[in-house]
Amino acid sequence: MKSGENNPLDFYVYYNPKTHLFKLLAILSVCVIIMILPFLVENTDLGSLSILAVFFLGFCFWGIITSKRITDKRPQVIIDVNGIYVRDWHVGTVRWENIDFIAHSSSVRRGIISMLTRSRRGPYLVFKFSDPPKAKSDLPFPFSFIQEIWADMEMQEPALMEYGLDTKATDILAVIQDHISYWQRNNKEESDNSTMIMPN
């Protein structure tokens with residue numbers, strides 16, 4: 001988008017390398033502990049070793065993902081005149097007219113079932129779409145199938161987590177407010193049902 005006198009500038013949010021580096025160190029520490037556990041116990045059977053192996057592989061996979069985020073220079077969130085793009089959602093850009101509701105986690109009251117089924121590490125922004133977009137995976141089959149199912153489940157309560165990003169949720173919300181206000185001024189017919197934004 002070209003910037004103008006009244007046009008809000010495109011806004012980009014990236015991973016915070018330091019956050020993911022600390023996370024990687026914690027994961028590696030757990031891996032080391034799992035590796036030395038069999039040597040601290042006198043009797044270890046095959047079942048116990050198998051369980052430890054599963055946990056070890058799981059943390060190793062988690063560590064690989066985390067290490068990639070440290071060097072990932074791609075924008076994870078893009079806010080522009082058309083809408084908002086969140087890489088983790090795998091749905092492309094969600095246009096402003098498709099967003100009914102945005103709230104900061106500090107103003108959201110979650111039910112017990114929602115709290116148990118979806119762990120949300122605050123602060124975060126929660127969204128409600130008038131027409132939930134369909135997830136599109138960028139991975140090869142069969143991983144694409146798993147990713148699409150997971151993303152579609154997340155789209156039932158789409159959230160933008162602050163953790164691991166280089167920008168606070170409150171700052172992202174302020175930028176979103178500016179873009180939605182600009183969009184509403186220039187699309188009066190489509191913005192009759194204005195997006196509701198709950199402040200933190």
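Conventions adopted
- Residues numbered from 1 in each chain as written.
- Predicted model: local features only at pLDDT ≥ 70, side-chain atom pairs only at ≥ 80, totals over all residues.
- Heavy atoms only, no water.
- Pairing = 2+ DSSP bridges.
- Helix = DSSP H or I, 4+ residues; strand = E, 2+ residues; numbered from the N terminus.
- Axes fitted to C-alpha atoms, helices over the stretch in contact; angles between N-to-C directions.
- Contact = heavy atoms within 4.5 Å.
- Parallel < 35°, antiparallel > 145°, perpendicular 65-115°, else oblique.
- Left-handed = near helix turned anticlockwise from the far one by under 90°.
- Nonpolar A, V, L, I, M, F, W, Y, C, P; charged D, E, K, R; others polar.
- Salt bridge = Lys/Arg side-chain N within 4 Å of Asp/Glu carboxyl O.
- Buried < 20%, exposed > 50% of the residue type's maximum accessible area, 1.4 Å probe, protein only.

1. Comments concerning the sheet that holds strand β4 (residues 93-95)
- Strand order across the open sheet formed by four strands is β1-β2-β3-β4, with antiparallel pairing between neighbours. A strand with exactly one partner marks an edge of an open sheet, and here the two such strands are β1 (11-13) and β4. Neighbour to neighbour, the strand axes of the sheet diverge by 15° on average, direction disregarded.
- Set on the sheet, helix α5 (residues 169-186) makes contact with β1, β2 (77-79) and β3 (83-86); between it and β2 the angle comes to about 30°.

2. Points about the packing of helix α1 (residues 17-40) against helix α2 (residues 46-71)
- Remark: α1 packs on α2, axes separated minimally by 9 Å, with the N-to-C direction vectors making an angle of 160°. As the angle between them shows, α1 and α2 are arranged roughly antiparallel. Here the hand of the crossing between α1 and α2 comes out left-handed. Between α1 and α2, the contacting residues are P17, H20, L21, K23, L24, I27, V30, C31, I34, M35, L37 and P38 on the first element and L49, L52, F55, F56, F59, C60, W62, G63, T66, S67, R69 and I70 on the second.
- Taken together, the residues of the contact of α1 with α2 sort by class into 18 nonpolar, four polar and two charged.

3. Thoughts on unusual backbone geometry
- Of note, H90 is a non-glycine position whose phi angle comes to about 60°, a positive value.
- Its location among the elements puts H90 in the loop between β3 and β4.

4. Focus on the pattern of salt bridges
- Within the structure shown, the criterion is met by two salt bridges.
- Across the pair R74 and D72 runs a salt bridge, and its minimum N-O distance is 2.9 Å.
- In this structure R74 comes out as partly exposed when scored by relative accessible area, which is 42%.
- A residue is classified by how much of its surface remains accessible, and D72, at 16% relative accessible area, is buried.
- For E97, the salt bridge is made with R95, and the minimal N-O distance between the two is 3.0 Å.
- Note on R95: relative accessible area 42%, which makes it partly exposed.

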